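Read off the chains here:
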Amino acid sequence: MVLCHRLITSGQTTNMHKRKRILVTGGAGFLGSHLCERLVNEGNDVICVDNFYTGSKDNIIGLLNNPHFELMRHDVTFPLYVEVDEIYNLACPASPVHYQYDPVQTTKTSVHGAINMLGLAKRTGAKIFQASTSEVYGDPVVHPQHESYNGNVNPIGPRSCYDEGKRCAETLFFDYKRQHNLNIRVVRIFNTYGPRMHPNDGRVVSNFIMQALRGEAITIYGDGQQTRSFCYVDDLIEGFIRMMDANDDISGPINLGNPSEFTIKQLAEAIINLTGAKSELIKQPLPEDDPLKRQPDITIAKQQLDWQPSIDLEAGLTKTIDYFRAFVDS
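First things first, this report covers the structure right here in the doc.

Reading the values: rules and limits
Here the residue index of a chain counts from 1 through its sequence in written order. Confidence filtering applies because this is a predicted model: local features only for residues at pLDDT of at least 70, side-chain atom pairs given and counted only at 80 or more, and all residues used for totals across whole chains, interfaces and linings. Remark: hydrogens and water are excluded; side-chain values derive from all non-hydrogen atoms of the structure. Two strands make a pair as long as DSSP finds a minimum of two bridges between them. Only runs of H or I of at least four residues qualify as helices and only runs of E of at least two qualify as strands under DSSP, and these elements are numbered from the N terminus. All axes here are fitted lines through C-alpha atoms, helices being fitted over the stretch that makes contact, and every angle between N-to-C directions spans 0 to 180 degrees. By definition in these notes, contact holds between two residues if any of their heavy atoms fall within 4.5 Å. For classification, angles of less than 35 degrees are called roughly parallel, those exceeding 145 degrees roughly antiparallel, those between 65 and 115 degrees roughly perpendicular, and all remaining angles oblique. By definition, any crossing whose near helix is turned counterclockwise from its far helix by less than a right angle is left-handed, and any crossing with a clockwise turn is right-handed. Note that Gly is not counted as nonpolar here; it falls among the polar residues with everything else outside the nonpolar set of Ala, Val, Leu, Ile, Met, Phe, Trp, Tyr, Cys and Pro and the charged set of Asp, Glu, Lys and Arg. Here a Phe, Tyr or Trp ring, Trp counted by its six-membered ring, pairs with any other such ring whose centre lies within 6.5 Å, and the pair is stacked when the planes are under 30 degrees apart, edge-to-face when over 60, and tilted otherwise. Relative accessibility thresholds used throughout: buried, under 20% of the residue-type maximum; exposed, over 50%; partly exposed, between the two (1.4 Å probe, protein chains only).

Turning to the sheet that holds strand β11 (residues 254-256), a few remarks are in order. Here we have seven strands laid out as an open sheet, ordered β3-β2-β1-β4-β5-β6-β11, and parallel in their pairing. Strand pairing shows two members of the sheet lacking a second neighbour, β3 (69-73) and β11, which therefore form its edges. If you compare each strand with its neighbour and ignore which way they point, the axes differ by 20 degrees on average. Where strand β2 (residues 45-50) meets β3, five bridges bridge the pair, whose relative direction is parallel. When the bridges of β3 are listed, Ile47 appears paired with Glu70. On top of the sheet, helix α5 (residues 160-180) reaches β5 (127-133) and β6 (184-189); it is set at about 155 degrees to β5, its chief contact. The strands touched by helix α7 (residues 233-245) within the sheet are β4 (86-89), β5, β6 and β11, with β6 carrying the most contacts at an inclination of about 160 degrees.

Here the focus is the packing of helix α6 (residues 204-213) against helix α8 (residues 264-275). Running from N to C, α6 and α8 cross one another at 40 degrees; their axes reach a closest spacing of 10 Å. As judged from the angle between their axes, α6 and α8 are oblique. In this structure, α6 crosses over α8, and the sense of that crossing is right-handed. Touching Val204, Val205, Phe208, Ile209, Ala212 and Leu213 of α6 are Ile264, Leu267, Ala268, Ile271 and Thr275, all from α8. Grouping the constituent residues of the contact of α6 with α8 by class yields ten nonpolar, one polar and no charged.

What follows deals with the packing of aromatic side chains. A full pass over the atoms with the stated rule returns six aromatic pairs. With 6.0 Å between their ring centres and 15 degrees between their planes, Tyr137 and Tyr149 make a pair best called stacked. With Tyr137 in the loop between β5 and α5 and Tyr149 in the loop between β5 and α5, this residue pair connects regions lying twelve residues apart in the sequence. Of the residues examined, Tyr149 reaches a relative accessible area of 11% and is grouped as buried. Counting every residue linked through ring pairs, the aromatic cluster contains Tyr88, Phe129 and Phe240.

Put into structure tokens, the structure is as follows:
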């Protein structure tokens, strides 16, 4: 009996040692909640850190009673002391409505947050992932955007708190790699959509869907010919996981997004069709520094991660519309 008990205990210990302890900052947000769910389902212990500026407990309510999930209310602009094997740094408001509300705090979140998480990774020896953005390319003069393009960014405009904050975070990540030999992973996220987007975040997919479901006119900024490339959230999270699990010589930056390019007008028409709405299109002036084109070159992601999106726009929009109907019907 004693021997049997020891064998069982040993086996449990071995399994426990295989379980990774992973920190996700911004873990109660749109992308963070999907990532936390995926990581827990794969058998990891997950620490979700969020200050709930834009994140919500509703996004992670299905994880709160899971013994392998831990929630911490914390602002990443302050140091954090935990023991982890991997860090996914997703903390930062990502929609113009939210990141322009308190631009100084947005910059602090990107820059001080990166410094604090990199310091934690240095102390613990953890692998660390940075969720950067296609906004580092600004209003691009190269199309599609590839990782070697340095961008066309206004450093003093209303979007600069986000654009330049993320650019500075990338600088810090690669300086920590060069100076401290940190194991870093940097991805540049292009427009992503799906369930758990905030219904009032001001982003084009959520705006159009909510307006259509309410029977309101759909507001297009500019002439509607500016382009975006829309990646469904499940595809993006798969890219995150592949990037973190890639060989240690792969640091990035790597574009993650759907290379299928649509005009804003085409997106509006697709949403009207899928919702059955009778919404008309009305035009408003284009906001300052709003990029006219956005399309990722994902050649490196295909080569190094064997990754490309698999969910087309119609299928992804259908799932997203179903999610948003609850906000309109309630």
